[in-house]
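Next come the chains, spelled out residue by residue.
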Amino acid sequence: MTTLERPLPLHVVVAGLILISGLGFAMGLTNALKDNGSSVRASTAPLAEVSGTPIKDAAPAPLYAPPPPEKPKVKAVEVTTPEAEAPVAVIEAPPAAADAAAEKKPEVAPTPPPTRIEDLY
């Protein structure tokens, strides 16, 4: 019997997969942390210079189109009549002290709390 016909034990297969996965993760992590001066770094130049537009001509793009200007509303013309200019009769209100005394009600004594449960119903 050859080794190809005989399967490996399960614990050997699982240990091999764990070892390969761990090594792959470690290699990927070390490559990600390497700082080798690659050209992947973000540019620190203003976006206007990156796009080729001179900075003096660059303007922020509006988020939405501004609404059209409103048309001026027509103002109503007031017509004055002699009746509208006539003096209006003024009615005086009674003094506030008299109102307060008239509206004051006698105080009601609070009711005692119920002593039995039947008094609640």
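Draft legend 1. Molecular detail of the overall build of the chain. Within the chain, the regular secondary structure consists of 3 helices and 0 strands. Shown N-terminal to C-terminal, the secondary structure of the chain runs as helices and strands in the order α-α-α. Out of the 121 residues belonging to the chain, those deemed buried represent 1%. With an accessible surface of roughly 12800 Å², the chain has 66% of that area assigned to carbon and sulfur atoms.

Draft legend 2. Seen up close, the confidence of the model for the chain. Predicted confidence across the chain gives a mean pLDDT of 75, with 58% of residues reaching 70 or more. Per-element averaging of pLDDT across the chain places helix α2 (residues 47-51) at the bottom with 60 and helix α1 (residues 10-33) at the top with 94.

Draft legend 3. Up close: a nonpolar patch on the surface. A cluster of nonpolar residues, L8, V12, V13 and L17, forms a patch on the protein surface that exposes about 350 Å² of accessible area. Within the element layout of this structure, L17 appears in helix α1.

Rules behind the numbers
- Each residue is numbered by its place in its chain's sequence as written, counting from 1.
- Restriction of local features to residues with pLDDT of at least 70 applies here, the model being predicted, together with a cutoff of 80 or more for giving and counting side-chain atom pairs; totals for whole chains, interfaces and linings are based on all residues.
- Note that water and hydrogens are dropped before the side-chain values are worked out from all heavy atoms of the structure.
- Strands here mean DSSP runs of E at least two residues long; helices mean DSSP runs of H or I at least four residues long; both are numbered from the N terminus.
- Throughout, exposure labels follow a simple rule: accessible area from a 1.4 Å probe, protein chains only, divided by the maximum for the residue type, with under 20% read as buried, over 50% as exposed, and the rest as partly exposed.
- Each accessible area is a Shrake-Rupley estimate made with a 1.4 Å probe; only the visible protein chains count as cover when residues are assessed.
- Every residue gets a pLDDT, meaning the predictor's confidence in that residue, from 0 to 100.
- Grouping into patches uses exposed residues only, defined as over 30% relative accessible area, and leaves out salt-bridged ones; the cut-off is 9 Å for like charges and 5 Å for nonpolar side chains (Val, Leu, Ile, Met, Phe, Trp, Tyr).
- Salt bridges are counted wherever a side-chain nitrogen of Lys or Arg sits within 4 Å of a carboxyl oxygen of Asp or Glu.

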